[in-house]
Each structure stands twice: as C-alpha cells, then as structure tokens.
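Tertiary structure, described
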Amino acid sequence: MNLHGKDIKIFTANSNKAVAADIAKDLGLPVGASDVITFSDGEISVSIKESVRGSDVFVVQSTSYPVNNNLMELLIMIDAFKRASAGRITAVIPYFGYARQDRKAKARDPISAKLCADLITTAGADRVLTMDLHAPQIQGFFNIPVDHLLGVPILAPYFIERFEGNMDDVMVVSPDLGSVTRARNFAARIEAPLAIVDKRRQRANVCEVMNIIGNVEGKKVILVDDMIDTAGTLCNAAQAIIDIGGAKEVSACATHGVLSGPAIERIQNSVLKEVVLLDTIALPEEKKIDKIKMLKVGPVFAEAIARIYEDKPVSPLFI
C-alpha cells in the first residue's frame with residue numbers, strides 16, 4: 001500500500017501564495033499549476049492543470065481574511081485532488097481561522113473550530129500541517145494526524161541576534177494570563193526572565209486596571225502572543241509596561257498578524273518600538289508600516305513537508 005505518494009507536489013489557493021512559493025523553492029519544486037477563481041455570484045471554481053494521480057499533494061492555504069472564501073477554496077481544492085486520485089492530501093494551513101471558537105463560552109454557542117476540522121476531514125484531507133493554533137487542543141478536533149509547528153523557534157533567534165550582548169536587560173512579558181505558557185516557553189528559549197500583565201475590572205462600568213506581575217523597570221521588554229488582531233490588548237499592555245512598570249522600551253512579537261480593524265493605526269500610534277510577525281498571513285501593501293517586520297515561515301514548513309514525505313519525525317523542528 002502506498003502510504004505517502006510517489007512524489008511531492010505543492011499547490012496553493014489565493015490566501016498566501018508567497019509562503020507556497022517559498023516552500024516550493026526550498027524543496028526545489030515548482031508550485032503546481034492550478035486556477036482558483038471566484039464567479040460574479042461568489043461561487044468558487046478550482047481547476048487543477050496537471051496530473052496528481054498517486055502524488056503526495058500539499059495544499060497551502062491560510063484561512064485568514066476573507067475567512068469563509070479562503071476556507072471554501074481550501075475545501076474545494078482538497079475535493080478536487082481527492083477526485084483526481086491523489087495518493088495523499090495534506091492541508092498546509094499556516095493560520096487556522098475560527099481557532100478562537102474552540103469551546104462553548106456560554107449557552108447555545110457553536111464550536112466552530114470543530115466544525116471546520118470536520119469539514120476539512122470530510123473534504124478528503126488525510127492530514128493537516130499547521131502552526132501555533134490559538135488553542136492547542138484543536139489538534140484533537142481532527143480525526144486525522146495533525147502536525148503542529150511552533151513560531152517561537154523562528155521568532156526567538158531574531159531577538160537573540162537583535163539584543164546580542166545586552167540580554168541581561170531583556171525581559172519577556174505575557175500581555176495577558178492566557179498567553180503565559182507561550183511567553184514562558186519563549187523566555188526559556190532566549191534565557192530571559194518572565195513577567196505578566198494582569199488586567200482586571202474592579203466593578204461594572206469601571207475602567208480596567210492593569211498590574212505588572214514582575215519588575216520590568218529599566219528593561220527592554222518583549223511582549224509575546226500567538227496573534228495580533230485589533231491590537232487593543234497589545235498596545236494597552238505596552239503602555240502599561242512603560243507607564244506603570246517603568247520599562248526602557250517595548251517590542252512585540254506574534255506568529256499571526258491578523259491586524260483587523262484599527263490595528264495598524266493603533267500600532268503606529270503606540271509606544272511599541274517594533275512588532276515582529278511571521279508571514280502565516282499575507283500582509284497587504286496598505287498595512288505595511290516601518291514598525292512591522294515580517295519573518296518567513298516557508299523554510300520551516302518546507303522542512304516539515306520533507307519530513308512528512310520521508311516518514312521522519314517533525315518534532316526535531318521544535319528544538
């Protein structure tokens with residue numbers, strides 16, 4: 001039985017063609033020939049223009065804005081490969097949308113992340129390769145193998161190089177209690193101490209009060225999170241670190257730059273010196289500002305794909 005296909009083929013829909021090109025380049029392959037178009041009524045049409053019979057197909061698609069369009073493109077592409085007799089189909093999802101809807105926060109809430117997992121599996125995916133799920137337990141929503149890469153091994157070396165010789169002045173801060181584990185892992189990797197921003201509302205209709213758990217006075221702070229959406233929490237935390245904590249400067253890093261609504265304006269007008277993101281979500285030209293620096297995830301995904309194809313463990317990429 002052919003478990004992984006006779007050759008690797010990399011295909012992409014429309015959400016993140018640059019990452020697909022980086023992956024293909026690192027593997028020494030062309031990006032597969034395909035067209036993914038949207039008709040005037042909103043229907044999506046996929047045309048695969050080369051044979052994939054018996055191939056190990058990797059479909060690269062972040063389910064970022066416009067989320068529902070990009071999700072449908074992914075599902076329809078997977079279905080096309082399944083019907084074209086691909087040997088194995090891996091959905092490569094650098095950013096998995098709907099990941100924040102991973103539980104019932106109140107009565108009658110849907111669990112949309114589970115629904116998306118079921119859709120991807122039903123469409124015909126044999127496995128999933130993704131990075132920094134907002135809730136790691138989403139791996140268990142799939143009934144197929146999930147390889148879950150981390151952004152920290154890409155982000156940490158950047159800051160080690162940037163603060164080389166001055167690491168004693170660096171402190172890692174979690175912007176809220178939900179990101180403590182991620183910030184702790186980042187701090188351990190760059191061998192820096194950890195602090196936490198604790199925000200609480202003393203009573204109804206009263207502004208939130210922020211406290212810094214840890215001493216950041218005179219430090220160069222790195223705020224660590226998995227994603228930056230509207231940037232409200234991040235920019236408020238950065239302001240508190242300067243005003244309340246007395247830090248020297250504040251930078252931030254995150255795996256996913258959702259950057260919706262007022263995010264760019266908030267970052268531009270904030271005390272943040274720099275925001276470092278991975279290119280799991282393509283950054284439009286109108287959102288490119290001097291404060292934002294993008295690092296490539298293509299090489300890490302390419303290495304993971306090579307390991308999956310060769311039936312080697314992916315876990316060494318986390319070290």
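Conventions used here
Per chain, residues are indexed from 1 in the order of the written sequence. A pLDDT threshold of at least 70 governs which residues receive local features in this predicted model, and a stricter bar of 80 or more applies before side-chain atom pairs are shown or counted, although totals over entire chains, interfaces and linings include all residues. The basis for the side-chain values is all heavy atoms of the structure; hydrogens and waters are excluded. UniProt positions are given in the numbering used here, feature names are shortened, and annotations may be inferred rather than shown by experiment. Relative accessibility decides the category of a residue: with a 1.4 Å probe and only protein chains considered, values under 20% of the type maximum give buried, values over 50% give exposed, and everything between is partly exposed. Every helix listed is a DSSP run of H or I at least four residues long, and every strand listed is a run of E at least two residues long, numbered separately from the N terminus. At least two DSSP bridges between two strands are required for those strands to pair. Viewed with both strands pointing away, a crossover whose connecting path from the first strand over the helix to the second turns clockwise is right-handed. Two residues qualify as a contact provided that any one of their heavy atoms is within 4.5 Å of a heavy atom in the partner residue. Every axis corresponds to a line fitted to the C-alpha atoms, with the helix fit spanning only the stretch in contact, and the corresponding angles, defined between N-to-C directions, vary from 0 to 180 degrees. Note on angle classes: values under 35 degrees are labelled roughly parallel, values over 145 roughly antiparallel, values of 65 to 115 roughly perpendicular, and the remainder oblique. Polarity classes work like this: nonpolar for Ala, Val, Leu, Ile, Met, Phe, Trp, Tyr, Cys and Pro, charged for Asp, Glu, Lys and Arg, and polar for all others, with Gly in that last group. The criterion is simple. A nonpolar core is a set of buried Ala, Val, Leu, Ile, Met, Phe, Trp, Tyr and Cys residues joined through side-chain atoms within 4.5 Å. When the centres of two rings from Phe, Tyr and Trp lie within 6.5 Å, Trp using its six-membered ring, the rings pair. Their planes under 30 degrees apart give stacked, over 60 give edge-to-face, and anything left gives tilted. Counting of polar contacts relies on pairs of N or O atoms within 3.5 Å, with two restrictions inside protein: one atom must be capable of donating a hydrogen and the other of accepting it, and residues adjacent in sequence are counted only when both atoms are side-chain atoms.

As annotated in an unreviewed UniProt entry, the chain carries the name Ribose-phosphate pyrophosphokinase and is attributed to Massiliimalia timonensis. Checking UniProt for the chain, the heading Sequence similarities (unreviewed entry) contains the comment "Belongs to the ribose-phosphate pyrophosphokinase family. Class I subfamily." The annotation that UniProt attaches to the chain under Function (unreviewed entry) is "Involved in the biosynthesis of the central metabolite phospho-alpha-D-ribosyl-1-pyrophosphate (PRPP) via the transfer of pyrophosphoryl group from ATP to 1-hydroxyl of ribose-5-phosphate (Rib-5-P)."

1. Brief notes about the pairing of strand β6 (residues 127–131)
When you tally the buried positions in β6, you get five out of five residues, the bulk of the element. Burial of β6 is two-sided: the residues Arg127, Leu129 and Met131 facing one way and the residues Val128 and Thr130 facing the other way are all buried. As paired elements, strand β5 (residues 88–93) and β6 share four bridges and run parallel to each other. Across the sheet, the residue bridging to threonine 90 is arginine 127, located in β6. Following the backbone out of β5, through helix α3 (residues 112–123) and into the adjacent parallel β6, one traces a crossover that is right-handed. As paired strands, β6 and strand β7 (residues 146–149) are joined by four bridges and run parallel to one another. Its bridge partner being in β7, threonine 130 is matched across the sheet by histidine 148.

2. Quick look at the UniProt feature "binding site: ATP" (unreviewed entry) in the chain
According to UniProt, the positions carrying the feature "binding site: ATP" (unreviewed entry) are Asp41, Gly42, Glu43, Arg100 and Gln101. Across 61 residues of sequence, these annotated residues are also dispersed in space, with a maximum C-alpha separation of 29.2 Å. As for its placement among the helices and strands, glycine 42 is situated in the loop between β2 (34–38) and β3 (44–48). Within the fold, glutamate 43 resides in the loop between β2 and β3. With residues up to four places along the chain from it excluded, the contact list for glutamate 43 reads Ile37 and Thr38.

3. Examining the sheet that holds β6
Taking strand neighbours across the sheet as the criterion, the five strands line up as β1-β4-β5-β6-β7 in an open arrangement whose pairing is parallel. The sheet is open, and its two edges are formed by β1 (8–12) and β7, each paired on a single side. Each strand axis lies, on average, 20° off the axis of its neighbour in the sheet, ignoring direction. The strands that helix α2 (residues 67–83) touches are β1, β4 (56–60) and β5; relative to β5, the one it contacts most, it runs at about 165°.

4. Focus: the packing of α2 against α3
Running from N to C, α2 and α3 cross one another at 25°; their axes reach a closest spacing of 8 Å. When the interaxial angle is binned, α2 and α3 end up roughly parallel. Residue-level contacts link Leu71, Leu74, Leu75, Ile78, Asp79 and Lys82 of α2 to Cys116, Leu119, Ile120, Thr122 and Ala123 of α3. Along the lines of polarity and charge, the residues of the contact of α2 with α3 split into eight nonpolar, one polar and two charged.

5. Quick word on the nonpolar core
Grouped together as the largest cluster of nonpolar side chains are 41 residues, with contacts concentrated most on Phe186, Ile190 and Ile222. Residues in contact with phenylalanine 186, not counting those within four places in the same chain, are Val152, Leu155, Ala156, Phe159, Val172, Ile222, Val224 and Cys253. Core analysis: the second largest hydrophobic core is formed by 34 residues, Val46, Leu74, Ile78 and Phe141 among them.

6. Things to note about the packing of aromatic side chains
Under the defined criterion, the tally for this structure stands at five aromatic pairs. Between phenylalanine 159 and phenylalanine 163, the ring centres sit 6.3 Å apart and the planes meet at 15°, which makes this aromatic pair stacked. Residue phenylalanine 159 is classed as buried on the basis of its relative accessible area of 1%. When the ring of phenylalanine 159 is compared with that of phenylalanine 186, the centres are 6.1 Å apart and the planes differ by 75°; the resulting orientation is edge-to-face. Of the two residues, phenylalanine 159 is situated in helix α4 (residues 152–162) and phenylalanine 186 in helix α5 (residues 180–190); the sequence distance between them amounts to 27 residues. Residue phenylalanine 186 is classed as buried on the basis of its relative accessible area, which comes to 0%.

7. Quick notes on the side chain of serine 270
By secondary structure assignment, the location of serine 270 is in the loop between α7 (263–268) and β13 (272–278). Of the polar contacts made by the side chain of serine 270, one reaches the backbone oxygen of isoleucine 267; its length is 2.8 Å. For serine 270, the side chain forms a polar contact with the main-chain nitrogen of leucine 272, separated by 3.2 Å.

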